[in-house]
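Spelled out, the chains give:
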Amino acid sequence: MSARPYAEVIGDPIVQSKSPAIHGFWLERLAIEADYRATHVTPEGLAAYIAERRHDPLWRGCNVTMPHKQAVMPLIDRLDPLAARIGAVNTIVPEDGALVGYNTDAPGFMEPLQGLVDTPHLFRMARVMGTGGAARAIVAALSDAGFVIVLAGRDPAKAAALLADVARGSDHHAVDIAHFATPTDFAFDDRDQCADLVVNASLLGMTGQPPLAYDLSHTPPGAVFYDIVTSPADTDLLRRARDAGFATVDGLAMLIGQADYAFRRFFGATPVRGGDDALLRARLAA
């Protein structure tokens, strides 16, 4: 193992993580003498891992994947306000002798939507499928951007509690995810000067999981479909939406976006983006 600065991603399991490929690509492109690793950490070993890394002068921090995003919170010294509100940490950075927890999922999710958010609208609505940890970050980010949220889950009570926990504003709605599975004949009003999103924040559509049962008739004209699933990146939902003429955003956009925010904190450098994103995507697909 080289005596160079390093960051890493921790989780259980961890072999599926794309983070080493993303951060390694940027380290290579920027010629930074540092490493980024994947480290298997079990729930039983999490406290010992944090205690050990706390005293390693070469350690620049870590990304945190499941199942540690909540469990790691009491083991660190301080939470960024957004991470505290979301109730999950996916990035830990040593700062001035303290371990600080951040959540980069929220800004990473919003990155490909920045052009949409920067455009003034009379009304914004997002239909969000899923009530897990990713949904908490997404709901927080979208409500901060002025979206009214319809949050759909298998348990509407859980969805309502999530909205009460993290969403700003009080006009949001919790529904059963089955509501979107069957066709509707609802006549959408004129959506000019409105922004509409459909977000899959669940595991449905991931390799090994059933597809998300979402009938496109629930979607206003001009809506954008955003699926955070990364394996496969081009999900059934995105293919059906694209074939119907809707704009789409895939999960790699969020994955790369959230990694960008973490990379800056780990290595004090700005990742090479723009045209290089296509090269990075090709590497992730290889």
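Criteria and thresholds
Residues numbered from 1 in each chain as written. Predicted model: local features only at pLDDT ≥ 70, side-chain atom pairs only at ≥ 80, totals over all residues. Heavy atoms only, no water. Helix = DSSP H or I, 4+ residues; strand = E, 2+ residues; numbered from the N terminus. Rg over C-alpha atoms; globule rule 2.2 N^0.38 Å. Buried < 20%, exposed > 50% of the residue type's maximum accessible area, 1.4 Å probe, protein only. Core = buried A, V, L, I, M, F, W, Y, C linked by side-chain atoms within 4.5 Å. Contact = heavy atoms within 4.5 Å. Pairing = 2+ DSSP bridges. Axes fitted to C-alpha atoms, helices over the stretch in contact; angles between N-to-C directions. Arc of directions from axis to C-beta.

Description of the overall build of the protein chain
Line of reasoning, step 1. Within the protein chain, the regular secondary structure consists of ten helices and twelve strands.
Line of reasoning, step 2. Its C-alpha atoms give the protein chain a radius of gyration of 19 Å, near enough to 19 Å, the size a compact globule of 286 residues would have.
Line of reasoning, step 3. Dimensions of the protein chain along its principal axes, counting C-alpha atoms only, are 65 × 40 × 40 Å.
Line of reasoning, step 4. In the protein chain, buried positions account for 49% of the 286 residues.

As for the nonpolar core
Line of reasoning, step 1. Counting 35 residues, the largest nonpolar core has Phe109, Val128, Leu142, Phe147 and Val199 as its most contacted members.
Line of reasoning, step 2. Considering every element that reaches this core, the biggest residue donor is helix H6 (residues 133-144), with seven residues.
Line of reasoning, step 3. In contact with phenylalanine 147, not counting residues within four places along its chain, are Leu116, Val117, Arg124, Met125, Ala126, Leu142, His172, Ala195 and Leu197.

What about the environment of proline 112?
Line of reasoning, step 1. One can find proline 112 in the loop between helix H4 (105-110) and helix H5 (114-118).
Line of reasoning, step 2. Judged by its relative accessible area of 34%, proline 112 falls in the partly exposed class.
Line of reasoning, step 3. Along the backbone, proline 112 and aspartate 234 are 122 residues apart, and their C-alpha atoms lie at a distance of 16 Å.
Line of reasoning, step 4. Excluding residues that lie within four positions of it along the chain, proline 112 makes contacts with Tyr226, Val249 and Ala253.

Focus on the sheet that holds strand E5 (residues 91-95)
Line of reasoning, step 1. Taking strand neighbours across the sheet as the criterion, the six strands line up as E2-E1-E3-E5-E6-E4 in an open arrangement whose pairing is mixed. The open sheet terminates on both sides in strands that have one partner only, identified here as strand E2 (35-40) and strand E4 (78-79).
Line of reasoning, step 2. As defined by bridge partners, strand E1 (residues 6-11) adjoins E2 across six bridges and the pair is classed as parallel. Following the sheet pairing, alanine 7 is matched in E2 by tyrosine 36.
Line of reasoning, step 3. Relative to E2, helix H1 (residues 19-29) is tilted by about 170°, and along the sheet it contacts E1, E2 and strand E3 (59-64).
Line of reasoning, step 4. Helix H2 (residues 46-53) rests against E1, E2, E3, E5 and strand E6 (98-102) of the sheet, and its axis sits at about 170° to E1.

Considerations on unusual backbone geometry
Line of reasoning, step 1. A cis geometry characterises the amide bond from aspartate 12 onward to proline 13, with omega recorded as 5°.
Line of reasoning, step 2. The residue after serine 231, namely proline 232, is reached through a cis peptide bond having omega 5°.
Line of reasoning, step 3. Unlike most non-glycine residues, alanine 31 shows phi in positive territory, near 55°.
Line of reasoning, step 4. At glutamine 193, a position not held by glycine, the phi torsion is positive, near 65°.
Line of reasoning, step 5. Along the chain, glutamine 193 turns up in the loop between strand E9 (173-176) and strand E10 (194-200).

Focus: the sheet that holds E9
Line of reasoning, step 1. Strand order in the open sheet formed by six strands is E9-E8-E7-E10-E11-E12, with parallel pairing between adjacent strands. Sheet topology places E9 and strand E12 (247-249) at the edges, where each strand pairs with a single neighbour. On average, each strand axis in the sheet is tilted by 20° relative to the strand beside it, whichever way the strands run.
Line of reasoning, step 2. In terms of strand pairing, E10 meets strand E11 (residues 224-227) through four bridges, oriented parallel. Along E11, the bridge assignment pairs leucine 197 with valine 224.

What to know about the side chain of threonine 235
Line of reasoning, step 1. Relative to the helices and strands, threonine 235 resides in the loop between E11 and helix H8 (236-243).
Line of reasoning, step 2. Residues in contact with threonine 235, not counting those within four places in the same chain, are Gly205, Asp227 and Val229.

A look at the pairing of E3
Line of reasoning, step 1. With five of six residues buried, E3 lies mostly within the body of the structure.
Line of reasoning, step 2. Pairing of E3 with E5 involves two bridges; the strand directions are antiparallel. If you follow asparagine 63 over to E5, its bridge partner there is threonine 91.

Describing H2
Line of reasoning, step 1. All buried positions along H2 are accounted for by Leu46, Tyr49, Ile50 and Arg53. Buried positions in H2, seen along its axis, are confined to an arc of 95° and lie on one side of it. H2 presents Ala48 and Glu52 as exposed residues on the side facing more than 90 degrees away from its buried surface.
Line of reasoning, step 2. The secondary structure elements touched by the buried residues of H2 are E1, E2, E3, E5 and E6.

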